[in-house]
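Chains, contacts and geometry: an overview
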Amino acid sequence: MTGDRVVQDADAAGQAKVLQAGRDLTWVEGDLVTGSSVPVMESITSTPALNRIPAGPRQFVGRTTELERLERAVTASGRAVVVAVHGLGGVGKSTVASRFAALTEDRYTLAWWISADSPAAIDAGLAALTTTLAPQTADLPSEQRAELAVRWLATHQDWLLVLDNLTTPADATGLLDRVRTGTIVITSRQATGWRGIDTISLDVLTPAEALDLLTRVVRTDWPTADLTDADRLCEEVGRLPLAVEQAAAYLAQTRITPTAYLDLLAHYPAKMFTATAEGTDAHRTMARVWHVTLDALTTTPLAGDLLRRLAWCAPDTIPRHLVATADPDTVHALGRLAAYSMITLDADAISVHRLVQAVTRTPDPTDPHRLPTDIAQACATTAAALSTALAKADPRLPADWPAFHTVLPHARALLDHTPPDADVGAHCDLADHVGLYLDDQGDTTSAITLHTRAADGRHRLHGPDHPATLTSRNNLAHAYRAAGDLARAISLYAAALADSERVLGPNHPSTLTSRSNLAEAHQSAGDFARAIPLHESILAERERVLGPDHLSTLISRTNLANAYESAGDLTRAIPLQEATLTDCERVLGLDHPLTLGSRNNLAGAYESAGDLTRAIPLYEAVLADRQRVLGPDHPDTLGSRNNVAYSQWAAGDLDRAIPLLEAALAECVRALGPDHPFSLSARNNLASGYESAGDLGRAIPLHEAVVADRERVLGPHHPHTLGSRNNLASAYWSAGDLSRAVRLFEATLDDAERVLGPDHRLTRTIRSNIENAPTQPGSGTAES
C-alpha cells in the first residue's frame, strides 16, 4: 500500500472503481477484465494454520512488565486496538512483539507479521496476506492484492497484525484510517508522533536480566564456560539485548571468557563491534544496528554532529547547554534524535545509551557516520565546550562548585576515552581546570594525573618554553606539594623557575610567581634556610619593579612574615605582619580579602608567641568580618571559625572551645562536604579537643576515623595523614595503651623520615614523642 486512503465508488457502467496511487484499476467483482477470479474478501475465513509470525529467540528473559502493559493495552478496548512499542535499535522490540504473539496465538483467528520499514514493504506484506488467504489471487498485481488484504482486515475481527520496524507513523496512516477492527501491534524506533495510539517504551534489560540472558546463550553451547566478569561485560555493552546476545554468541563460539572479551573490546573496539558468531546476521551487529536510523537522519546533518559530540560525554544527565545551543536548527536536530530513540531528551538534560556512544566515537573510514575526521572534530569541540564552562569558575569557592560538579563526569568520560597523544589544546585546558578543582577537594592523586597530562600535552603541542606549558608544570608541582610529595614538588618548581627565568627573564611577573612557589615548597618541607632567602629576594624584586604598595608586593610581605613565623623567628614575624596589615588597610581597604588574611595572619603570630589576649579578639574580629564580607560558607570564613575555636582550646578554655570546634566541623561538612581537607582538619581538631578534655571515649574513635578517611582521601603518606597518625598514637598513650602507641609512633616516624625528611617539623615532633614516651604522653598536632 502507498498509504493513500482508498475510496470506492461506481462508474457509469456500474463497475466498482478503486482509486489508488494516482491511477485507476477497474475490475468486476468475481471476474477481472483479465479473466482472473477475484474473491469476495468479506466472505473468506482464516485459521491459525495460516499464521505468519517469526520464531522468537531461543532464549527469552525478562520483559514481564512490558508484556503486561501490552496485554492491558490490547484488552482495554472492545474494538480495534493499535499499540506502538518503541525504543532504541537493538533493544528487543521485535522480540517482545514476537513473544506477545506467541503467548496470545489462541486468541486470534489469524496472526500476521509484516516487515514495515517502508511503504513498499507494507504493501508487499499485505499482498502476501491476500495470497495466503486466497491463493487464486497470486497472479493479481501487487497493489490489487494489498487492497484486497485491507478489505479483509476491515471486515473481520479477532486477528493480530504486527507492523515491525515501522520507520515513521505516517507510513501506516492510510492503513490505520481504513481498518477499525482487530489488533495491530507496531514496533518502531520512533518515539514520537503516535497521536491517538497507545505507546510502550522499551528500555534496556535490568542487570539481572542481562546477566541471565548472557549466561543462557553461552551455556547452551558451552555448559562449562567460565563466566567471571560476565556482569561487567553486560554493563560495558549497556545491557542492550542485541549486544548481550552478540557478545554471548561470540564467547560460546570462540571459547573465551568475558574478561578476555572485555580486553579485546578495549583494545580493538572497531573489530569487536562488528564481530559475530557463525550463523548470525552480519547486518544486526553493534556497529550496524543504527545505520538505518542514521541514514534517515542525514536530512538533518546537525543531528549526526550532535550525536558525535554527545558520544564523548558521560551517558547520563548531559546538560543541554554544555553541548548544544538554543538555536532552532539545534533544537530541531535534538528533537529528531529523540524521535528516533537515539537520545533521551528532557528540558534540561540529555541521555545517550553508552553503547550508542561507544560505537559513535569509534572511527571507521568505511562508515559515513563515523569518519575519523568528524569524530576527532566532535571530540575537540566537546572538550572546548566543557573547558569554557569552567573558564571563569574558581575551584576554591563553594559558590562555583556546582559548575565543576556538572562538568566533572563528562570531563572524565571525555579524557578517559581520548588517547593522551590525541589531545589538543582544549583537552589540556580541561585537564588543568578539573585538576585544580580536584586538588582543592583533596583528590591529589587525580589532580597529579590530570596536570601531568596537561603538561605533557602542552609540551607536545607548544614546546617546553610556551607560557601555557610552564603554567601546567607549575600546576603539577602544586599538586605534588598538596599530596605531600615535597621532593618532587621542589624539583618541578625549580625546573619551572629555571625555564621561566630563561624564557621570560628574571623579573617577569610569572617568574617571580614561580620563585614564590618554590619558596613555599621549601617552607612546607621545613627548609627555612632556602625558603626565607627566596622570599626576601622576591619581596625586594617586587618592591623595586612594582613598588611597595602593589598587591603582589603586599602578598610577598605576607609570605615572608609567615615564613619567619614558621621558622620560629617571631621577633621578625610579628612586626612585619603588623606593618603589612597597616599597609593593606591603607592601600586596599579594611574589607579586602588580603587585608582580612593579613589580620588573620597577625592573630596567628600572636598565638604562636603565646599572646592569646591579643590573638583571640583578633581572630573573632576576622571571623565577623569574613562572615559579613565573604559569606558564611567561604573557605576563609570556615577557616576563621576553626581558628577561633582552636585559640580557645590553646587558652585552655575547653568549655568554650569544644562547642566551637563542634560547630566549626558541622559548618565545614555542610558547606564543603565530609571529605574536604578543611572538614578533615576540623575533625582532627575536635578529636584533639576531646582528648585534652580527657574524653578519650570520643577522642580515640574520632582520631581513628580521621586517620582512615585521610588515608582514603589524601593517601597514607600525606603530611596531614602522618599528623593524624601521630595524634592517634598520642591518644592511645593518654589512654594507657602504651604498646599500641609506641608501635604507631615508630611506624609513623619511619614514614615521616622517608617522605618528609629527618628535619621536617612533624618528623621532629614524632621523634620527640618517642623519646619522651617513657615519662610523658606524646603531643598531638592541631591544625589551624
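In this report, we go over the structure that sits alongside the text. Keep in mind that this is a model prediction, so the values were computed, not measured. Counting restarts for each chain: residues are numbered from 1 in the order of the written sequence. Only residues with pLDDT of 70 or above have their local features reported here, since the model is predicted, and side-chain atom pairs are shown and tallied only from 80 upward, although totals for entire chains, interfaces and linings are computed over all residues. Hydrogen atoms and water are omitted, and side-chain values are computed over all heavy atoms in the structure.

1. Section: the sheet that holds strand β8 (residues 198-201)
Sheet strands pair via backbone hydrogen bonds, and the direction of the pair is either parallel or antiparallel. When DSSP finds two or more bridges between a pair of strands, those strands are recorded as paired. Comment: elements are numbered from the N terminus, with helices defined as DSSP H or I runs of at least four residues and strands as E runs of at least two. With respect to topology, 5 strands assemble into an open sheet ordered β5-β6-β7-β4-β8, the strand pairing being parallel. Each edge of the open sheet carries a strand with a single partner, namely β5 (110-115) and β8. Averaged over all pairs of adjacent strands, the angle between strand axes in this sheet comes to 15°, irrespective of strand direction. Where strand β4 (residues 81-86) lies against strand β7 (residues 183-188), 6 bridges are found, and the strand directions are parallel. The residue of β7 that forms the bridge with histidine 86 is serine 188. Axes, fitted as lines to C-alpha atoms, cover a helix only where it is in contact. Angles between the N-to-C directions of the axes lie from 0 to 180 degrees.

2. A short note on the nonpolar core
In this structure, Leu214, Tyr261, Trp290, Met342, Ile343, Leu355 and Leu430 are the most contacted members of the largest nonpolar core, which totals 154 residues. Residue contacts are defined here by distance: any two heavy atoms, one from each residue, within 4.5 Å place the two residues in contact. In contact with leucine 355, not counting residues within four places along its chain, are Val237, Leu240, Ala243, Phe273, Met286 and Trp290. Residues grouped as a nonpolar core are buried Ala, Val, Leu, Ile, Met, Phe, Trp, Tyr and Cys residues, joined through side-chain atoms within 4.5 Å. To sort residues, take the accessible area from a 1.4 Å probe on protein chains only and compare it with the maximum for the residue type: under 20% means buried, over 50% means exposed, and anything in between is partly exposed. Counting 32 residues, the second-largest nonpolar core is a separate cluster that includes Val38, Ala149, Leu175 and Val179.

3. Details of the packing of helix α26 (residues 593-608) against helix α27 (residues 612-629)
It is the contact of α26 with α27, at a shortest axis distance of 8 Å, that shows an interaxial angle of 160°. The angle between α26 and α27 places the two elements in the roughly antiparallel class. Our pair here, α26 against α27, has a crossing hand that is left-handed. The segment α26 lies against α27, with Leu596, Gly597, Arg599, Asn600, Leu602, Ala603, Gly604, Tyr606 and Glu607 engaging Leu612, Arg614, Ala615, Leu618, Tyr619, Val622, Asp625, Arg626 and Val629. Side-chain classes are defined by residue name, with Ala, Val, Leu, Ile, Met, Phe, Trp, Tyr, Cys and Pro counting as nonpolar, Asp, Glu, Lys and Arg as charged, and the others, Gly among them, as polar. Across the contact of α26 with α27, the residue classes tally to 10 nonpolar, 3 polar and 5 charged. By definition in this entry, angles of less than 35 degrees are roughly parallel, angles greater than 145 are roughly antiparallel, angles of 65 to 115 are roughly perpendicular, and the rest are oblique. Each crossing gets its handedness from the near helix: less than a right angle anticlockwise from the far helix is left-handed, clockwise is right-handed.

4. Structural notes on the packing of helix α31 (residues 696-713) against helix α32 (residues 719-734)
When two helices pack together, you describe them by how their axes are tilted relative to each other and by the distance separating the axes. Where α31 contacts α32, the two axes come as close as 9 Å, and the packing angle between them is 155°. It follows that α31 is roughly antiparallel to α32 by the angle criterion. In terms of crossing hand, the pair formed by α31 and α32 is left-handed. Contacts between α31 and α32 involve Leu696, Ile700, His703, Glu704, Val706, Val707, Arg710 and Glu711 from the first element and His720, Thr721, Ser724, Arg725, Asn727, Leu728, Ala731, Tyr732 and Ser734 from the second. Split into classes, the residues belonging to the contact of α31 with α32 amount to 7 nonpolar, 6 polar and 4 charged.

Purely geometric numbers; function is a separate question.
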